[in-house]
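Working through the structure, step by step
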Amino acid sequence: MVGLSFGEAGIHAEVNRWIQIGIVALIGFLVTWTLSTIVDDMERARIEKEFLDASTINGQALHRAVRQNVEVMHSLKAFFQALGSVDTVQFHDYAGAMMRRHKAISALAYAPGTGSPSMNSRPVPITRVDSGESITTAVIHLVADSVLLEAMIRAMKDDTPISTGVISLAAFDGEDTGWIYVIPVQGENSDTKRDPSIRRATTNGFLLGICRGDRMMRAVLSDYSTEEMRIRLLNGADTEHGELLAEYSTSSDFPDDERSFEGGGHFEAAGRHWRIEIRASPAYLADRRGFLPGIVFVTGIILSVLTSVWFARLMERDRRMQEENRRYVVELTKRDEKMREELALARTIQQAMLPHEKPSIPGLLFGICFVPSGDVGGDYFDFIPHPGGKRIGIVLSDISGHGIPAALLFSMFRTLARGILHEDGPTTEKFRKLNRELTRTFPRGRFASTFFADIDTETGTLAYVKASQEPGLLFRRNQPAMLLEKGDVLLGAFNPDIFGEPEYREVSVRLRDGDVLFLYTDGLVEVEDSAGNALGTDVLMRWIEEELQGACGRSDPQRLVEIMRDRVYAFAGTEVLRDDLSAMAVCVACGA
């Protein structure tokens, strides 16, 4: 079941990993597309600006050409009126020179203005520069149509000011693109010797000029590359209402869509509005677009792929690290569990090495409290019984250090102490022997402070030997507590081969009925509160006296040591102490 759960978790992690890689790739593509679009828009704006700048310049060129065209017609009109008669040869020479210089008017004709024009009316051709094209035929079609001439004659009869008339040539000849000028001419002829028909023709009439716009526009488009341009000239201020006069396109199938560019402008000439429209097809944009947008797009795609690969490798490395961390955590968990099991076993073993039952000695009651700071500790206590059942030895030791090292020294000390203290002989001699063995067994810098008390209920005496341990406290009825503080050097601290044999003294105290002996290690009085203040021996003595005078009395030493333990925890404000805590209480006589 566990393997299945790990497998499902691995599948989910792999799916999530590929989803994240896909998201990174998608983000890279979107960024690339956005950047390439921005660069493409910038490139299009640059091309459009270049086109508009060129269109403005060429539109102005076409504007100047149209104005020159109009100026030529008015010059011819003025010359025609100045003659006073139709002198074909003279006018032909002047008009031909004007047309060749300006390359504007392709053909000229004169239409008499007497009477109402009809289908039989014919213009009088004056000159035609480009005789290769049927320009005269177009003029004849215009006169035959008679619409424009009728309007102008009617206006002249009404004394209405007449301006230059312009009409599209495409209305009469679909093969030609351009426009026709119709200019009214009023002249008088006093020479009666001339032909009457010519005299009538010069009295009132119209000067007709044909302009081939496609030639003019072809010259304008010479600044552009071919195959994608179109130019139009319209007689009007806007495209919708203006009359198309001329059109020229570099392509027979010019696409007219929203992607094309448009430029040009409008102007006034000869009293009329003219609109120039220059349009470029989408091919114009495609031919001039640089490689930058494509380079940006390709580079972005490559970077996106590289980023996705890098991210995939990063995710793979992260997955491997997570897998290693997971294995490491599992291994640490197993080690921690194993260590906890071993510590629990060590605690059980240490607890088994301490006395399980209190000794039964007439006239004595015992209380014991042992709380290690960790799973195991370095405090040691024991009872040394003597034959006869009326005498017992009490040992309380504090091994230097905490935790597992102190617990190992604890087992070594217990083995040596039990073997030596059970021997016969003076206690001081036993301490010297124990000290010698400990200096040989303990690592350098390790030692044990010990309090050994030998209580004889038959004689009522207490004999103790103290090796730098906390003072024993002896509480008597109606008297201040007595400190059993005389002591000597630590056990195992000084090698007798170097420093000589230490001297240990035995002190005897007479016991009385109701006396209470309280022994403890330094972990009880050195505990600190939240402010860093140590408990101290004075406070401990005050607490014990309060309890002895209270409900506890002098008959329950076990309850006494447990109350002291609880008050120490309350004083420290924590459930974890920094040092081992051990205490022993012995009530003497107690009604025995």
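Throughout, a residue's number is its position along its own chain's written sequence, starting from 1. Local features in a predicted model are, by the rule used here, given only for residues with pLDDT of at least 70; side-chain atom pairs are given and counted only at 80 or more, and totals for whole chains, interfaces and linings are based on all residues. Heavy atoms throughout the structure, all of them, feed into the side-chain values; hydrogens and water do not.

Now for the overall build of the chain. Every helix listed is a DSSP run of H or I at least four residues long, and every strand listed is a run of E at least two residues long, numbered separately from the N terminus. A count of helices and strands for the chain gives 14 helices and 19 strands. Note on classification: 1.4 Å probe, protein chains only; a residue is buried when its accessible area is under 20% of the maximum for its type, exposed when over 50%, partly exposed between these limits. Counting only residues that meet the buried cut, the chain has 44% of its 592 residues in that class. Look at the contacts in the chain between residues 6 or more apart in sequence, and 69% of them connect residues 24 or more apart. Under the convention used here, a 1.4 Å probe and the Shrake-Rupley method define accessible areas, while residue burial counts only the protein chains that appear. Put simply, the chain shows about 31,400 Å² of open surface, and 54% of that area lies on carbon and sulfur atoms. Between two residues, a contact is recorded if the distance between any of their heavy atoms is within 4.5 Å.

What follows covers the packing of aromatic side chains. Within 6.5 Å between ring centres, the rings of Phe, Tyr and Trp (the latter by its six-membered ring) count as paired, and their orientation is classed by plane angle as stacked under 30 degrees, edge-to-face over 60, tilted in between. Inspection of every chain in the model, using the stated rule, returns 10 aromatic pairs. Aromatic pair phenylalanine 431 and phenylalanine 452: ring centres 6.4 Å apart, planes at 65°, arrangement edge-to-face. One end of the pair, phenylalanine 431, is in helix 10 (residues 427-441); the other, phenylalanine 452, is in strand 13 (residues 448-456), and 21 residues separate them in sequence. A residue is classified by how much of its surface remains accessible, and phenylalanine 431, at 1% relative accessible area, is buried. A relative accessible area of 3% means that phenylalanine 452 is categorised as buried.

All right, on to a nonpolar patch on the surface then. Think of a patch as exposed residues, more than 30% relative accessible area, with no salt bridge, where like charges cluster within 9 Å and nonpolar side chains (Val, Leu, Ile, Met, Phe, Trp, Tyr) cluster within 5 Å. In what follows, salt bridge is the name for a side-chain nitrogen of Lys or Arg lying within 4 Å of a carboxyl oxygen of Asp or Glu. Where nonpolar side chains cluster on the molecular surface, the patch consists of Ile11, Val15, Ile19, Ile23, Ile27, Val31, Leu35, Ile38 and Met42 and spans about 830 Å² of accessible area. Tracing the chain through its elements places isoleucine 27 in helix 1 (residues 2-83).

A separate point is the pattern of salt bridges. Pairing of side chains with opposite charge becomes possible as their charged atoms draw close. Under the criterion given, the structure shown has 18 salt bridges. Across the pair arginine 340 and aspartate 336 runs a salt bridge whose closest N-O atoms are separated by 2.9 Å. In this pair, arginine 340 and aspartate 336 are both assigned in helix 8 (residues 292-353), 4 residues apart and thus about one turn of the helix distant. Look at arginine 340 and you get exposed, because its relative accessible area is 57%. The closest approach of N and O atoms between arginine 440 and glutamate 437, which form a salt bridge, is 3.8 Å. Of this pair, arginine 440 and glutamate 437 both sit in helix 10, 3 residues apart, which is roughly one turn of that helix. Overall, arginine 440 belongs to the exposed group, its relative accessible area being 55%. Via salt bridges that share partners, Glu323, Arg326 and Arg327 belong to a single interconnected network.

Let us look at the confidence of the model for the chain. Regions with low pLDDT should not have their predicted coordinates read in detail. Within a predicted model, pLDDT stands for the predictor's per-residue confidence, ranging from 0 to 100. On average, residues of the chain score 75 in pLDDT, and 70% of them reach the 70 mark or higher. Put simply, helix 5 (residues 196-203) is where the chain has its lowest mean pLDDT, 40, and strand 18 (residues 516-520) is where it has its highest, 94. Low pLDDT (under 50) marks residues 155-163, which in the prediction has 12 contacts with non-local residues, meaning those over four places away or in another chain.

What follows covers the sheet that holds strand 15 (residues 472-475). Across the sheet, which stays open at both edges, the 5 strands sit in the order 10-19-18-15-16 with antiparallel pairing between neighbours. A strand with exactly one partner marks an edge of an open sheet, and here the two such strands are strand 10 (364-371) and strand 16 (482-484). Along the sheet, successive strands turn relative to each other by an average axial angle of 15°, direction set aside. Along the sheet face, helix 13 (residues 537-549) touches strand 15, strand 16 and strand 18 and points at about 30° away from the line of strand 15. Note on method: axes are straight lines fitted to C-alpha atoms, helices fitted across the in-contact stretch only, with angles between N-to-C directions ranging 0 to 180 degrees. Across the sheet, helix 14 (residues 557-572) is in contact with strand 10, strand 18 and strand 19 (581-588); its angle to strand 10 comes to roughly 30°. DSSP calls a pair of strands paired once it identifies at least 2 bridges connecting them.

Looking now at helix 10. A helix's residues, less one, multiplied by 1.5 Å, set its expected span. Helix length check: helix 10, at 15 residues, gives a terminal C-alpha distance of 21 Å against a target of 21 Å (1.5 Å per residue), a fit within 8%. Those residues of helix 10 that fall on the buried side of the exposure criterion are Thr427, Thr428, Lys430, Phe431, Arg432, Leu434, Asn435, Leu438 and Thr439. Buried positions along helix 10 lie against helix 9 (403-421), strand 13, strand 14 (461-467), helix 11 (496-499) and strand 17 (506-510).

Here the focus is the environment of phenylalanine 383. Inspection of the secondary structure puts phenylalanine 383 in strand 11 (residues 379-385). On a C-alpha basis, the gap between phenylalanine 383 and isoleucine 394 in space is 4.8 Å, while along the polypeptide they are 11 residues apart. Residues in contact with phenylalanine 383, not counting those within four places in the same chain, are Pro355, Pro359, Phe366, Ile368, Ile392, Gly393, Ile394 and Met584.

As a further point, take the sheet that holds strand 17. Spatially, 5 strands are ordered 11-12-13-14-17 in an open sheet, and the strand pairing comes out antiparallel. Of all strands in the sheet, those bounded by a partner on one side alone are strand 11 and strand 17. The sheet shows a mean angle of 15° between the axes of neighbouring strands, taken without regard to direction. Inspection of the sheet shows strand 13 paired to strand 14 by 7 bridges, in the antiparallel sense. Within the sheet, the bridge partner assigned to phenylalanine 452 lies in strand 14 and is valine 465. Sheet strands in contact with helix 9 are strand 11, strand 12 (391-399) and strand 13, and its direction is about 15° off that of strand 11.

Turning our eyes to something else, we now look at the nonpolar core. Residues belong to one nonpolar core when they are buried, are Ala, Val, Leu, Ile, Met, Phe, Trp, Tyr or Cys, and are joined through side-chain atoms within 4.5 Å. Ile394 and Phe413 are the most contacted members of the largest nonpolar core, which totals 48 residues. It is helix 9 that provides the largest number of residues to this core, a total of 7 residues. If we ignore the near neighbours within four places in the chain, the residues touching phenylalanine 413 are Tyr380, Ser397, Ile399, Leu434, Leu438, Phe442, Ala448, Thr450 and Leu491. Among the nonpolar cores identified, the runner-up in size contains 29 residues, and Val371, Leu535, Ile544 and Cys587 belong to it.

The contact between helix 9 and helix 10 brings their axes to 10 Å, and the two run at 150°. By the angle class used here, helix 9 and helix 10 are roughly antiparallel. Regarding helix 9 and helix 10, the two cross each other, and that crossing is right-handed. In this structure, helix 9 contributes Met412, Phe413, Leu416, Ala417, Ile420 and Leu421 to the contact, and helix 10 contributes Lys430, Phe431, Lys433, Leu434, Glu437, Leu438 and Thr441. Any angle that falls under 35 degrees is termed roughly parallel, while one over 145 is termed roughly antiparallel, one within 65 to 115 roughly perpendicular, and all others oblique. Definitions for this section: a left-handed crossing has its near helix turned counterclockwise from the far helix by less than a right angle. A right-handed crossing has that turn clockwise.

Here we take up helix 9. Between its terminal C-alpha atoms helix 9 stretches 26 Å, which fits the 27 Å expected from 19 residues at 1.5 Å a residue. Along helix 9, the residues classified as buried are Ala406, Ala407, Leu409, Phe410, Phe413, Arg414, Leu416, Ala417, Ile420 and Leu421.

What follows deals with the environment of proline 480. You can see proline 480 is positioned in the loop between strand 15 and strand 16. Sequence separation between proline 480 and methionine 541 is 61 residues; the distance between their C-alpha atoms is 9.9 Å.

Mapped onto the elements, alanine 61 comes out in helix 1. Between the alpha carbons of alanine 61 and methionine 216 there is a distance of 9.8 Å; along the sequence they are 155 residues apart.

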